[in-house]
Amino acid sequence: QTQLLGVLLAAASNFLISVSLNVQKCAHLRLVCRAEQKPYYTSKLWWCGITLLGLGEVGNFTAYGFAPITLVAPLGCVSVIGSAFISVFFLKKTVRTADILGGTLTITGIYLLVTFTPNVPQELTARQVQNYLVSWPFLVYSILEIIIFCVLLYFYKRKAVKHIMVLLMMVALLASLTVIAVRAVSSMIALSVKGEMQLTYSVFYVMSVLMATSCAFQIKFLNEAMHLYEATAVVPINFVFFTTSAIISGVVFYREFRSAAFLSVFVFLFGCLLSFLGVIIIARNKKEEHLQIPFIDCGHIPGQKLTGKIQPDSHSSCYGTLNKEGDSVERQS
């Protein structure tokens with residue numbers, strides 16, 4: 001019953017996040033279409049989207065206190081499929097065949113992983129977290145993760161390698177620490193609210209610092225990936241990497257598959273695979289939205305015989321200059 005509450009909370013939270021992203025996008029588009037340009041933070045609609053985003057993130061944080069990482073993390077796909085269909089109402093997009101197919105696969109995957117997720121104790125005390133921190137599986141896992149992260153960071157800093165895989169692998173490695181810390185902090189807060197005080201243990205503050213630090217650097221690398229690459233490439237890859245690293249960290253740190261049957265583990269992983277495939281199909285061939293920028297037809301300009309078009313300079317408020325007629329003839333030849 002507690003695990004079901006965590007599932008419902010995680011699904012509802014991710015749905016709220018998908019609504020918030022579409023509301024914010026709608027607010028930006030409305031502001032651009034106005035004759036008088038105003039900052040986005042003056043829009044009530046944008047603040048409504050930010051509020052929904054905050055509620056969604058708080059709900060996700062709380063869900064980790066009621067359900068295992070291996071169940072909460074894959075439910076992030078709800079925000080992807082939710083955003084694809086909610087954009088029909090907010091942004092007047094059309095539903096594609098890929099959206100329906102991807103949504104069907106994702107929902108099927110969610111059903112399988114929710115049904116066959118392992119049953120693990122939900123309440124984590126501070127002493128249990130301390131024991132997990134010094135266990136040899138987690139120590140080996142931490143050493144391997146640190147080595148891999150340092151290698152990636154070396155290529156990122158010294159060799160200036162900013163490939164999407166390098167950036168998102170660093171995000172995933174940091175995310176594994178984030179979900180471990182979030183699960184511990186959320187569970188200890190939940191126990192403290194019930195009357196079993198856990199906030200007096202130093203491990204609570206250690207995990208809180210780990211959560212904040214790993215989350216901050218995770219956002220840094222994710223923002224850079226979003227800046228360098230299209231969202232249609234970043235979103236599915238980040239979801240696959242994040243979910244995989246979260247599941248591995250849940251298995252290693254909290255031993256969430258320790259007493260699970262082989263069939264349950266197999267069907268659970270198959271459900272994750274269907275969710276990955278569904279998200280990739282939804283994001284595949286989805287064009288990025290760009291604002292409509294007016295063009296000037298050179299054929300309508302007196303004295304010009306060119307049939308090409310010029311575009312406003314994106315770095316200034318004036319239009320670009322026309323090429324000389326000789327230059328245009330050379331280019332056409």
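Per-chain numbering applies: the sequence of each chain, read as written, is numbered from 1 onward. Local features in this predicted model are restricted to residues of pLDDT 70 or higher, and side-chain atom pairs are both shown and tallied only at a pLDDT of 80 or more, whereas totals for entire chains, interfaces and linings draw on every residue. Working from all heavy atoms in the structure, the side-chain values ignore hydrogens and water.

> For the pattern of salt bridges, give the residues involved together with the corresponding values.
Pairing between side chains of opposite charge can happen when their charged atoms approach one another. The salt bridge criterion pairs a side-chain nitrogen of Lys or Arg with a carboxyl oxygen of Asp or Glu, the two atoms within 4 Å. Applying the stated rule across the entire model yields 2 salt bridges. One salt bridge connects Asp-99 with Arg-96, and the closest N-O pair in it is separated by 2.9 Å. For Glu-224, the salt bridge goes to Lys-162, with nearest N and O atoms at 3.2 Å. Separated by 62 residues along the polypeptide, Glu-224 in helix α9 (residues 202–228) and Lys-162 in the loop between α7 (136–157) and α8 (164–194) bring together distant segments of the chain. We call a residue buried when its accessible area falls under 20% of the maximum for its residue type, exposed when it is over 50%, and partly exposed in between, using a 1.4 Å probe and counting protein chains only. Judged by its relative accessible area of 16%, Glu-224 is buried. According to the relative accessible area criterion, Lys-162 is partly exposed, its value standing at 35%. A run of H or I in DSSP counts as a helix once it spans at least four residues, and a run of E counts as a strand once it spans at least two, with each numbered from the N terminus.

> Please set out the nonpolar core residue by residue, giving values where relevant.
Remark: nonpolar core denotes a set of buried residues (Ala, Val, Leu, Ile, Met, Phe, Trp, Tyr, Cys) joined through side-chain atoms within 4.5 Å. Core analysis: the largest hydrophobic core is formed by 45 residues, its most contacted members being Tyr-64, Met-207 and Tyr-254. Looking at this core, the element that brings in the most residues is α8, giving 7 residues. In this description, contact between two residues means that some pair of their heavy atoms is separated by no more than 4.5 Å. Apart from residues lying up to four places away in sequence, Met-207 is in contact with Val-129, Leu-133, Ile-180, Ala-181, Ala-184 and Val-185. If you look at the next biggest cluster of nonpolar residues, it comprises 14 residues, including Phe-149, Leu-168, Leu-173 and Phe-221.

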